[in-house]
Amino acid sequence: MTIYDIAKEANVSIATVSRVLNGSQTVSAKTREKVVQAMKKLNYTPNPFARGLTLNSMRVIGVVCSDVGDAFYAKAVSLLENELRSHNFDIVLSCTGTSSHSKQAYLEALKNKYVDAIIIIGSPFYTSEDIQYLKTLAHTTPIITINSDYHLPTGYSISCDEETGIFKTVQALSAKGCESIVYLYDSLNHSGRQKLNGYKKGVAHCYLNKSEQLLRQIPRSLEAADEAVSELLANNVTIDAIITSEDLLAVGAQRTLLTNNALVPVIGCNNSVLAECATPTLTSLDNRLDLLCQKAVDLCVALDSGNASNLPRTYRFEAKLKHRNSF
C-alpha cells in the first residue's frame, strides 16, 4: 500500500496526502479527514524510513558503547533509551567490543541508517583512522560524547570531572590519617587517565606514600582485585586505604580485606548498584551518569528543533563522593 493508493481512494493529489502525513497545516480539516479515513480503510501504515528522508529526520539516535554487558554502560544505555523515548526518539545500539582493532564499520553502519545524531559512551574508538573518521563524520552527523574526549571541533563533549573527584577523595582519606593509599585501576581510556591523574596529584599534594607498590593496573574482575590485595597483604605492604577505578574492583578488594581481618577504608567509583549491594555498603565516587545522559538527550532535542546553534560544545559536571559504610 502506497500514498498513490491513498490519494486515489480519497480523490486527492499525492502532494495532498504527503502534506497530511508530514503534519502540514496548509490542508483543510475536511480534506485531512478524507485522507485519514482513506488510510484507515486501506489499513495504511506510513513507512517511517521514507517519511524520515522526506522530513530530513528519522527521529533515531545512534548509541555506541564497547560492551553493554558492563554495568556502567548498561546503566547509561538504559538512562538514554528511557529519556529519548519520552521525546519520541528511537535508538539504534551498537556495541563495538573491547578490542583495539578498527571499528569504523560501526560508525558507517549508523551513518547508513540515517540516524539524527550519535551518542558515544566512553572511549570505544582507539585507532587514529577511527578518530579521524569520527571527526569527518561530525561535520555531517551531530556527535555527542559522554565521558570521553576525541577533540571533535564540531561535536559535543559531556563529561564528569573525575580527576578532581579522585583528588578530593585522596584528600579526604589523608585528613583521616591515611598515608599509604592503594589505587587499583583497570583501563587507561580517557576516564581512566583522569582518575589516575587525580590519584597521583592527590598523593603529591598531601605528601603521602608514593611507592609504586600501591599502584596496580589489573583486569576488571573480582578475582584480579582479590589477587592484587592478597599479594600486597602477603608482602606486608602497609595499606591504610584502597581506592579503585570501578566499584567491581572495590567489592573484590573489600571482600579480601574482610577475609584477612584487615579493616581499612575502601572507596569505589561509578556509584553503581554494586556499591549498595556490597557488605559493608561501599562509599563510591558518583560520576553523575544520570546528569551526563540527561544533558545528551537535551542536546538531541535541541538539535532536532534547530535550537542548538548557540549552545556550548563542552559540558563538565562535578563528581561527588557518595558516603556509605566502607568510609
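Calculation notes
Residues numbered from 1 in each chain as written. Predicted model: local features only at pLDDT ≥ 70, side-chain atom pairs only at ≥ 80, totals over all residues. Heavy atoms only, no water. Pairing = 2+ DSSP bridges. Helix = DSSP H or I, 4+ residues; strand = E, 2+ residues; numbered from the N terminus. Axes fitted to C-alpha atoms, helices over the stretch in contact; angles between N-to-C directions. Contact = heavy atoms within 4.5 Å. Buried < 20%, exposed > 50% of the residue type's maximum accessible area, 1.4 Å probe, protein only. Right-handed = clockwise from strand over helix to strand, strands pointing away. Expected span 1.5 Å × (residues − 1). Arc of directions from axis to C-beta. Parallel < 35°, antiparallel > 145°, perpendicular 65-115°, else oblique. Left-handed = near helix turned anticlockwise from the far one by under 90°. Nonpolar A, V, L, I, M, F, W, Y, C, P; charged D, E, K, R; others polar. Salt bridge = Lys/Arg side-chain N within 4 Å of Asp/Glu carboxyl O. Core = buried A, V, L, I, M, F, W, Y, C linked by side-chain atoms within 4.5 Å.

1. A word on the sheet that holds strand S8 (residues 241–244)
Within a beta sheet, neighbouring strands are joined by backbone hydrogen bonds and run either parallel or antiparallel to one another. Read from one edge to the other, the open sheet built from six strands follows the order S7-S6-S8-S9-S10-S12, with strand pairing classed as mixed. This sheet does not close on itself; its edge strands, each paired only once, are strand S7 (215–217) and strand S12 (320–322). The average undirected angle you get between the axes of adjacent strands in this sheet is 20°. Helix-sheet contacts for helix H8 (residues 162–175) involve strand S6 (181–185), S8, strand S9 (266–269), strand S10 (283–286) and S12, and the interaxial angle to S8 is about 170°. Across the sheet, helix H11 (residues 247–259) touches S6, S8, S9 and S10, and the angle it forms with S9 is around 160°.

2. Considerations on the pairing of strand S1 (residues 60–65)
The element S1 is largely enclosed, with a buried count of six among its six residues. Alternating residues of S1 divide into Val 60, Gly 62 and Val 64 and Ile 61, Val 63 and Cys 65, and every residue in both groups is buried. Read from S1 through helix H5 (residues 71–86) to strand S2 (residues 90–95), the crossover connection turns out right-handed.

3. A few points about helix H10 (residues 222–234)
For H10, with 13 residues, the first-to-last C-alpha span of 18 Å sits near the 18 Å given by 1.5 Å per residue. For H10, the complete set of buried residues consists of Ala 224, Ala 225, Ala 228, Val 229 and Leu 232. One face of H10 carries all of its buried residues, which in axial projection span an arc of 125°. When the buried face of H10 is taken as reference, the exposed residues oriented beyond 90 degrees from it are Glu 223, Glu 227 and Ala 234. Immediately downstream of H10, the backbone of Asn 236 shows phi near 55°, a positive value.

4. A short note on the packing of H10 against H11
Running from N to C, H10 and H11 cross one another at 45°; their axes reach a closest spacing of 8 Å. Between H10 and H11, the crossing angle belongs to the class labelled oblique. Between H10 and H11 the crossing geometry is right-handed. Here H10 contributes Leu 222, Ala 225, Asp 226, Val 229 and Ser 230 to the contact with H11, which in turn contributes Leu 248, Leu 249, Val 251, Gly 252, Ala 253, Arg 255, Thr 256 and Leu 257. In terms of residue class, the contact of H10 with H11 is built from eight nonpolar, three polar and two charged.

5. Section: the pattern of salt bridges
Summed over the entire model, instances satisfying the criterion amount to 14 salt bridges. Glu 163 is paired through a salt bridge with Lys 201; the nearest N and O atoms lie 2.5 Å apart. With Glu 163 in helix H8 and Lys 201 in helix H9 (residues 190–205), this residue pair connects regions lying 38 residues apart in the sequence. Residue classification places Lys 201 among the partly exposed residues on the basis of a relative accessible area of 48%. Put simply, Glu 318 and Lys 168 hold a salt bridge, and the shortest N to O gap is 3.9 Å. In this pair, Glu 318 sits in strand S11 (residues 314–318) while Lys 168 sits in helix H8, placing the two residues 150 residues apart along the sequence. What makes Glu 318 partly exposed here is its relative accessible area of 46%. Salt bridges here are not isolated pairs; linked through shared partners, they connect Asp 70, Glu 162, Asp 186, Lys 195, Arg 220 and Glu 246.

6. Re the nonpolar core
In terms of nonpolar packing, the biggest core is built from 69 residues, with Leu 80, Ile 121, Ile 181, Tyr 199 and Ile 242 touching the most fellow members. Tallying contributions element by element places helix H13 (residues 289–305) first for this core, with eight residues. Beyond its immediate stretch of four places on either side in the chain, Leu 80 contacts Val 63, Ile 119, Ile 121, Ile 146, Cys 293, Ala 296 and Val 297. Counting residues in hydrophobic clusters, the runner-up holds 15 residues, among them Ala 138, Ile 143, Tyr 150 and Leu 152.

7. With respect to the sheet that holds S1
Sheet architecture is open: six strands sit in the order S2-S1-S3-S4-S5-S11, paired in parallel fashion. Because the sheet does not close on itself, it has two edges, and the strands there are S2 and S11. Each strand of the sheet is rotated relative to its neighbour by a mean of 15°, with strand direction disregarded. Those strands touched by helix H6 (residues 104–112) are S1, S2 and strand S3 (117–121), and its axis lies near 165° from that of S2.

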